[in-house]
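# Close look at the chain arrangement
Each chain, written out:
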Amino acid sequence: MTTVREKVKIGGILRYRGLVLLGVMAAPDRPGLAAAIFRALGEAGVNVQFIVQCIDLNNESHVLFCVADEDHARTREVLDPVARRVGSRRMSDSRPVALLSVFGPDFRERPGIAGIAFDALARVGINILAVSTSISTVSCVVDASDYEGAVAALSAVFALP
């Protein structure tokens, strides 16, 4: 006999559509890389809604971020020369995407929230393009075509206020 898992209480799910996921990929890791990217975008008036950076085993940095789709052309215009200047070997560009953030108090003291969210998406075949977390949020970027399914999957495992 299978038991039904009780929904985990959270503060809610933030939902953002109409985004594009861009990446400054394979840049030599060094101080000031993120500053160069996001200073240029800020000076151009581009609001960045999601940022994640990682360094691979070759000591190359990969910086992924989301901006509103209407800012896509301006972002590329600003970013292309910055990417060349910082030595990026590739830019990535995924559109359209959506950003879903599960939030709530005390996530720091509640292990397993990220695993529950990721499992819910995986069980319905939704691929996560990028992840970022904090002490109070777990954020996932998914393809825009998966938006409704992702909201339903997360709503099925989390108790919303």
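Refer to the structure printed above.
We now turn to the structure provided with this report. (Residues numbered from 1 in each chain as written. Predicted model: local features only at pLDDT ≥ 70, side-chain atom pairs only at ≥ 80, totals over all residues. Heavy atoms only, no water.)

We now examine unusual backbone geometry. Cis rather than trans, the peptide bond between Arg-95 and Pro-96 has omega equal to -15°. Turning to its location among the elements, Pro-96 is positioned in strand β5 (residues 90-103). Despite not being glycine, Asn-59 has its phi angle at roughly 60°, a positive value. With respect to the element layout, Asn-59 can be found in the loop between β3 (48-55) and β4 (60-68). (Helix = DSSP H or I, 4+ residues; strand = E, 2+ residues; numbered from the N terminus.)

This part covers the pattern of salt bridges. On inspection of all chains with the given rule, the structure shows seven salt bridges. Here Arg-89 ties to Glu-60 by a salt bridge, and the two come within 2.6 Å at their closest N and O atoms. Here the residue Arg-89 occupies a position in the loop between α2 (72-85) and β5, and Glu-60 occupies one in strand β4, the gap between them amounting to 29 residues. Using a relative accessible area of 15% as the deciding quantity, one classes Glu-60 as buried. Asp-69 is paired through a salt bridge with Arg-95; the nearest N and O atoms lie 3.1 Å apart. One end of the pair, Asp-69, is in the loop between β4 and α2; the other, Arg-95, is in strand β5, and 26 residues separate them in sequence. (Salt bridge = Lys/Arg side-chain N within 4 Å of Asp/Glu carboxyl O. Buried < 20%, exposed > 50% of the residue type's maximum accessible area, 1.4 Å probe, protein only.)

A few words now on the sheet that holds strand β2 (residues 12-28). Read from one edge to the other, the open sheet built from six strands follows the order β3-β4-β2-β5-β7-β6, with strand pairing classed as antiparallel. Taken across any chain shown, the strands that pair with only one partner, and hence form the sheet edges, are β3 and β6 (128-133). Here the strands of the sheet are splayed against their neighbours by 30° on average, with no regard to which way each runs. Two strands pair when backbone bridges link them, and β2 and β4 are joined in this way by eight bridges, in the antiparallel orientation. The residue of β4 that forms the bridge with Leu-22 is Phe-65. (Pairing = 2+ DSSP bridges. Axes fitted to C-alpha atoms, helices over the stretch in contact; angles between N-to-C directions.)

What follows is about the packing of aromatic side chains. Under the defined criterion, the tally for this structure stands at one aromatic pair. Geometrically, the ring pair formed by Phe-38 and Phe-65 is edge-to-face, given 5.4 Å between the ring centres and 80° between the ring planes. Residue Phe-38 is found in helix α1 (residues 33-43), and its partner Phe-65 is found in strand β4; the two are separated by 27 residues along the sequence. Phe-65 carries the same exposure label as Phe-38, and that label is buried. (Phe/Tyr/Trp six-rings, centres within 6.5 Å; stacked < 30°, edge-to-face > 60°.)

Taken as a whole, helix α4 (residues 147-157) has its buried residues at Tyr-147, Ala-150, Val-151, Ala-153, Leu-154 and Val-157. Buried residues in α4, looked at end-on, bunch into an arc of 165°, giving them a common side. The secondary structure elements touched by the buried residues of α4 are β1 (8-9), β2, β5, α3 (113-123), β7 (137-143) and β8 (158-159). (Arc of directions from axis to C-beta. Contact = heavy atoms within 4.5 Å.)

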